[in-house]
Amino acid sequence: MTKNGMGKLTLHQPATYQIKVPGHLDASWAEWAGGMTVAVEAGDDSPITILTGILDQAALHGLLRRLYSLGLPLISVQWIEGD
Amino acid sequence: MSGDLLQTKLYVPRLRPFLVPRHHLIEKLNQGLQQGCKLTLVSAPAGFGKTTLIADWGLRISESEAIPKLCWLSLDEGDNDLNSFLIYFIAALQTVEPDIGLEPLAALQSSGATNSDAVLMALLNEIASLPQPLALILDDYHVIESHSIDEALTFLLDHLPATLHLVITTRIDPALPLARLRGRGQLTELRVADLRFTHDEVATFLNQMMNLEISAENIAALGARTEGWITGLQLAALSLQERDPERVTSFIQSFTGTHHHILDYLVEEVLQQQPPRLQSFLLQTSILTRLTGSLCEAVCAFENDSPNHSDGHTLLNRLAKSNLFIVPLDDERRWYRYHHLFADLLRFRLQQEQANMIPELHCRASKWHEEHGFIDRAIRHAIAADDLEQAARLVDEHSHPAHERGEVSTVRGWFELLPDEMVRSDPSLSIACAWNLFLNGQIGAVEDRLQDAETLLAKQTTSVKNEQAGELFGKISALRVILFGTQGKPRRGIELAQQLLEYIPEANLSWRGIVLLMLGGLFRDVGNITQASRSFAEAVTILQAAENSLAAVMAVERLVRVLVMQGQLVQAVEVCTEMIDASTGPNVQGKQQVLISDMSRAIMSNVLYERNQLVDAEMYVRQGIKQAKRGGFFQSLVFGQILLARILQARGDADGANMLLQAAIKSYQMNPTQWVHKAVTSCQVQLWLAQKEFDAASRWAQENSLNAKVELNPKNEFEHFSLARVLITEGRAEPDGKTLAKALELTKRLTLSAESAGRMGHLIELLILQALALDAQGNLDQALSCLERALVLAEPQGFVRIFLDKGNPIIHLLKEAARRNIAAEYAIKLLNQIDTDSQSDTPSSILIEPLSDRELEVLHLMAQDLSYREIANQIVVSLNTVRTHVKNIYSKLMVHKRSEAVAKARELNLL
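Owing to the predicted nature of the structure, the values given are computational and were not obtained by experimental measurement.

**Remarks on the overall build of chain B**
Check the secondary structure of chain B and you find 47 helices and seven strands. Projected onto the principal axes, the alpha-carbon positions of chain B cover approximately 115 × 90 × 50 Å. Within chain B, the fraction of its 911 residues that count as buried is 55%. Sequence separation of 24 or more characterises 67% of the internal contacts of chain B that already satisfy a separation of 6 or more. Distance from the positive charge centre (86 side chains) to the negative charge centre (110 side chains) of chain B: 4 Å.

**Overview of the sheet that holds strand β3 (residues 48-55) of chain A**
Residue and element names in this part refer to chain A. The strand order β2-β3-β1-β4 describes an open sheet built from four strands, whose pairing is antiparallel. At either end of the open sheet lies a strand with only one pairing partner, and these are β2 (37-41) and β4 (76-80). The sheet shows a mean angle of 20° between the axes of neighbouring strands, direction not considered. Two strands pair when backbone bridges link them, and strand β1 (residues 15-22) and β4 are joined in this way by five bridges, in the antiparallel orientation. Pairing of I19 across the sheet is with V77, part of β4. On top of the sheet, helix α1 (residues 57-69) reaches β1, β3 and β4; it is set at about 10° to β1, its chief contact.

**Thoughts on the pairing of β1(A)**
When β1(A) meets β3(A), the two strands line up antiparallel, connected through eight bridges. Directly across from A:P22, in β3(A), lies its bridge partner A:I48.

**Focus: the sheet that holds strand β5 (residues 187-191) of chain B**
Residues and elements named next belong to chain B. If you walk across this open sheet you meet the five strands as β2-β3-β4-β1-β5, and the pairing is parallel. Only two strands of the sheet have a single partner each, and these edge strands are β2 (69-74) and β5. Strand-to-strand twist across the sheet, computed as the mean angle between neighbouring axes with direction ignored, equals 15°. Sheet analysis places strand β1 (residues 39-43) next to strand β4 (residues 164-170), joined by five bridges and oriented parallel. In the strand pairing of β4, T40 is matched with V167.

**Brief notes about the pattern of salt bridges**
Residues and elements named next belong to chain B. By the definition in use, this model includes 41 salt bridges over all chains. Between D81 and R412 there is a salt bridge; the shortest N-O distance is 2.2 Å. Pair noted here: D81 is in the loop between β2 and α3 (82-94) and R412 is in helix α21 (residues 408-417), with a separation of 331 residues, a long-range link. What makes D81 buried here is its relative accessible area of 16%. Salt-bridge contacts for R524 lead to D525; the nearest nitrogen and oxygen are separated by 3.8 Å. Taken as a pair, R524 and D525 share a single burial class, namely buried. Three or more residues joined by partner-sharing salt bridges are found here, namely K9, D76, D79, R290 and R377.

**A look at the pairing of β2(B)**
Residue and element names in this part refer to chain B. Of all the six residues making up β2, five are buried; the element is thus mostly covered by neighbouring parts of the structure. Pairing between β2 and strand β3 (residues 134-139): six bridges, direction parallel. The residue of β3 that forms the bridge with L70 is A135.

**Things to note about the confidence of the model for chain B**
All names here are of chain B. Predicted confidence across chain B gives a mean pLDDT of 87, with 94% of residues reaching 70 or more. In this model residues 837-845 is a low-confidence stretch, pLDDT under 50, and it forms twelve contacts with partners more than four residues away in sequence or in other chains. Complex prediction metrics read pTM 0.73 and ipTM 0.76.

**Comments concerning unusual backbone geometry**
Its identity as a non-glycine residue notwithstanding, B:D140 has a phi of 65°, on the positive side. Following the sequence through the fold, B:D140 ends up in the loop between β3 and α6 (147-158).

**Thoughts on the interface of chain B and chain A**
With 19 residues of chain B in contact, the opposing surface of chain A contributes 16 residues. Between chain B and chain A, a total of about 1,500 Å² is buried, with carbon and sulfur atoms accounting for 57% of that surface. Sorting the residues of chain B by area buried against chain A places B:H259, B:H261 and B:F348 first, and these three jointly supply 36% of that buried surface. Taken together, the links from chain B to chain A amount to one salt bridge. Where B:E145 meets A:R65, a salt bridge forms, and the shortest distance between an N and an O atom there is 3.1 Å. Elements with a contribution of two residues or more to the side of chain B that touches chain A: α13 (262-272) and α17 (340-354) of chain B. Element by element, the count of residues in the side of chain B that touches chain A is highest for α17(B), at six residues.

**A short note on the nonpolar core**
Ranked by internal contacts, the top residues of the largest apolar core, which has 181 residues, are B:F89, B:L93, B:L138, B:L153, B:L787 and B:F803. Among residues more than four places away in sequence, those in contact with B:F89 are B:L73, B:L123, B:L136, B:L138, B:L153, B:L156 and B:L166. Counting residues in hydrophobic clusters, the runner-up holds 103 residues, among them A:W32, A:A33, B:I26 and B:C296.

**Considerations on the packing of helix α19 (residues 375-384) of chain B against helix α20 (residues 388-404) of chain B**
Residues and elements named next belong to chain B. Running from amino to carboxyl end, α19 crosses α20 at an angle of 155°, the nearest separation of the two axes being 7 Å. By the angle between their directions, the pair α19 and α20 is classed as roughly antiparallel. Along this stretch, α19 crosses α20, giving a crossing that reads as left-handed. Every residue of α20 that contacts α19 at I375, A378, I379, A382 and I383 is listed here: L388, Q390, A391, L394, V395 and H398. Tallied by class, the residues present in the contact of α19 with α20 amount to nine nonpolar, two polar and no charged.

**Considerations on helix α35 (residues 674-690) of chain B**
All names here are of chain B. With 17 residues, α35 extends 25 Å between its outermost C-alpha atoms, agreeing within 8% with the 24 Å of an ideal straight helix rising 1.5 Å per residue. Among the residues making up α35, those that are buried are V676, A679, V680, T681, S682, C683, Q684, V685, L687 and L689. Against α33 (634-650), α34 (654-670), α36 (694-703) and α37 (717-732) lie the buried residues of α35. Positive backbone phi, approximately 60°, marks K692, located one or two places after α35.

**Regarding the environment of B:E217**
As for its position among the elements, B:E217 is in helix α10 (residues 216-226). In this structure the C-alpha to C-alpha distance between B:E217 and B:T249, which are 32 residues apart in sequence, comes to 9.7 Å.

**Examining helix α30 (residues 569-583) of chain B**
Residue and element names in this part refer to chain B. Spanning 15 residues, α30 covers 21 Å between terminal C-alpha atoms, matching the ideal 21 Å at 1.5 Å per step. Inspection of α30 places L569, A572, V575, C576, M579, I580 and S583 among the buried residues, and these make up the whole buried set. Around the axis of α30, the buried residues are gathered within 135° of arc, so they sit on the same side.

**Some remarks on the packing of helix α23 (residues 427-439) of chain B against helix α24 (residues 446-460) of chain B**
All names here are of chain B. Put simply, α23 and α24 touch, their axes get as near as 8 Å, and they point 165° apart. In terms of orientation, α23 and α24 fall into the roughly antiparallel class. Classified by chirality, the crossing of α24 by α23 is left-handed. Here P427, S430, I431, C433, A434, L437 and F438 of α23 come into contact with α24, specifically with V446, R449, L450, D452, A453, L456, L457 and Q460. Residues belonging to the contact of α23 with α24 are distributed by class as follows: eleven nonpolar, two polar and two charged.

**So, the confidence of the model for chain A**
Do not read the fine detail of predicted coordinates wherever pLDDT is low. On average, residues of chain A score 82 in pLDDT, and 89% of them are at 70 or above. Scored below 50 in pLDDT, residues 1-5 of chain A makes eleven contacts in the model with residues more than four places away or belonging to other chains.

**As for the packing of aromatic side chains**
Residues and elements named next belong to chain B. In this structure the tally under the stated criterion is ten aromatic pairs over all chains. Measuring from ring centre to ring centre gives 5.8 Å for F197 and F205, while their planes differ by 55°; the resulting arrangement is tilted. The class for F205 is buried, based on a relative accessible area of 7%. Here the aromatic rings of W435 and F438 are separated by 6.0 Å at their centres, their planes lie at 85°, and the arrangement is edge-to-face. With a gap of three residues between them, W435 and F438 both fall in helix α23, about one helical turn apart. You can call W435 partly exposed: its relative accessible area is 25%. By the ring-pair criterion, three or more aromatic residues cluster together here, those being F325, Y338 and F342. The ring of Y88 has K9 sitting right over it, with the charged end atom 4.7 Å from the ring centre. The ring of F639 carries the charged tip of R561 above its face, separated from the ring centre by 4.4 Å.

Reading guide: rules and limits
- Residues numbered from 1 in each chain as written.
- Chains lettered and ligands numbered in written order.
- Predicted model: local features only at pLDDT ≥ 70, side-chain atom pairs only at ≥ 80, totals over all residues.
- Heavy atoms only, no water.
- Helix = DSSP H or I, 4+ residues; strand = E, 2+ residues; numbered from the N terminus.
- Buried < 20%, exposed > 50% of the residue type's maximum accessible area, 1.4 Å probe, protein only.
- Contact = heavy atoms within 4.5 Å.
- Lys, Arg positive; Asp, Glu negative; His and termini not counted.
- Charge placed at Lys NZ, Arg CZ, Asp CG, Glu CD.
- Pairing = 2+ DSSP bridges.
- Axes fitted to C-alpha atoms, helices over the stretch in contact; angles between N-to-C directions.
- Salt bridge = Lys/Arg side-chain N within 4 Å of Asp/Glu carboxyl O.
- pLDDT = per-residue confidence, 0-100.
- Buried area = accessible area lost by both parts, 1.4 Å probe.
- Core = buried A, V, L, I, M, F, W, Y, C linked by side-chain atoms within 4.5 Å.
- Parallel < 35°, antiparallel > 145°, perpendicular 65-115°, else oblique.
- Left-handed = near helix turned anticlockwise from the far one by under 90°.
- Nonpolar A, V, L, I, M, F, W, Y, C, P; charged D, E, K, R; others polar.
- Expected span 1.5 Å × (residues − 1).
- Arc of directions from axis to C-beta.
- Phe/Tyr/Trp six-rings, centres within 6.5 Å; stacked < 30°, edge-to-face > 60°.
- Lys NZ or Arg CZ within 6 Å of the ring centre and 35° of its normal.

Written out as structure tokens, the structure reads:
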């Protein structure tokens, strides 16, 4: 996991996260993924799905578990500071 | 066993008929077993065939009749409570070893805080002595988030005997000391890299198991696209099965060409191929964790009169036949579940397509589960439907019966599901919650809830529901009465209980009976034995009239203990006999009849012991112990073990007595309460004194800072009696007589207190102790006059053991009394019981292990001086068998020659 400097990230406060997984997930997955927006960008040789949304830590870990249970490996999990 | 324990959780999953053989993995699992690994860990994401592999492995083991025996536990989110986890853990072991873990199970199912380490230790000891090893599979361990369960399992692994092998399947590595086990070579691991299908397995799967004819090139493409992920391959195969063979290649090309997520792509494909009705069935039933025909019908709101009606059961069977990710949960194919990953995906689709239906589906599921008695599920579905009113109603109605069945932790789970403000705004729920906290041992938190309820009720007084409010106020007071008792404020409890009795309608028998039962206990605690006896007796009558047999038997138990204190053995026997008669009456159901009459006899065995009727006492108490174990009556179990220890000691079987005491201590440790602790300690001191372990007894007194100046408290009476006996024993060895003087002083104080309270049974005990102290001081005349009083009091009620348990010093005094014609008749009667003790009893009581019928037969022939060869011919067995019998006879009789054996057998009336 990476971060953009240290702001006021706490356990209880929701924060904006961006999660990248390989492959193409279409927008219908947004609701399942805790209401995150789903975007797909071209990768080097295959597309990458980017999930963006505001989550607290419990929701974040729940989502990571769901992605894992669907057999999706993680490329990155990033906190977007300042939102 | 608790009512809603789901047997389906213990069922070894049935496999689909055609499975890809995975010899290399089976081989690795077998190696782990052979090398004595403690744990097999199968850790991989969903859909890699973990459960299938282990079930297949288990089947191979059981077919080959190799060790170990296999038991299974499928975990779910509801198992995150250590108590219920352990209950299921033992229930799983019991599927192959029905008698294992009965005591630990009783401890777990009784109320109050369970000591899980002691429970685990007891369980481990039982496992260690199993004749044949077991393997226990914990399936889906990733649902466990409770640290206390991880810790319990770590403890278990640290102490695991070779007779148990654990297998864990999980999606996430569990919080267990895996590195340590790995380092010691005690861990077998299978991970994704091992589990994913190899190229050959992909080919076997597609072409042999799924009957597809796919080219090597296409197989390679599918294998690469799915990376050996079995669920992905299954979905692809299902999709291909329905397809025109000519279009297979084009499907595979488009599938391998797309960058869409495999599931996203394939589930759609598979679902689209199903008829719309089945699609909708799949989506709507995806909210269920377990499926059965009528439940599915209720959830999908099938209309029975529709023309092309097919029932839920038929649909489930059709799904099972078409391999649509459905797993049977029993042999009768009544219960199923969806494959976890498939259920996830179906729920996801349901969310996308019929989100507004979801609450309604959960409502229907809740209703079905309630109607069929699956209350826990009913509550969980009501919560999922966001129907909090329904959930609250269910909790309110069912928490009391669930508490009565000992399912305290289940009810605690329900209260965790309800929003706290909702509980706090409902008086009835607040009281139920208070009860749950009390039963769960969180005494400090109870009062807060009771005050919530009171405040709410006070606001309601103007409402029309006056009668209901009255009942709730009554419940609050009843719980407070109990609280006062446990907090050492019995007098306030008595006051409140008496108020309560004026308040409860005469007609409400059960309720009055319970309060009287509590009142009796409080009177006993303050030493007012007359009132205690009266309250208990009234409770017995009322509870029998109320047909509440279980509560009545509890009241009988308490009444008999008090009657023994009062010296009323005759009446105590009458009370027990009446209860036994009542148990065969028309108001008691079949199974309860045996329970009630066995428990009543077990209670009576306390009286039989006092009267030295040891054979009957032993028989009844053993039956009682058996019932207590089976029925989870935890305190009855410990009290039964204590009495049996005393019986064995009375027979001169010190080893047997010590063993039973240790069993009682172990049982007690699994669920420690102060009241039981006193009883166990008192028995321990008695055994020490009887076995002349005086140092141990003295140490006990010192360690508990007990001395003759101790302040008397009726609650600690047994402790004081034990102390007096210890002091007398110590005093005998001291020349200056100081300790004896103190002992005498203490017994006199105790005598005064017992006499004034009318505890005539205790008075007899104390007079005997005084006599012993006086005799040790050399004051024989006074000693005999105390003994005379004791004998006069004891005779009409038939007290015997109270004298004989004091051993040689009392025998000497009794002989002296007989010689001087002091209460001589009874003294002689007692002395005769000692002399005949070892001869009048049945042989089995003296032999630690009784002779078998065959051994008795051999013994008879040995007495006729036949040779071993002649004996063998006579009973038609081999010479070696005769030798074995003879060896056993010698060891049981503790002799080394034939002549000794015959002599001993004559002595024991065996010949």
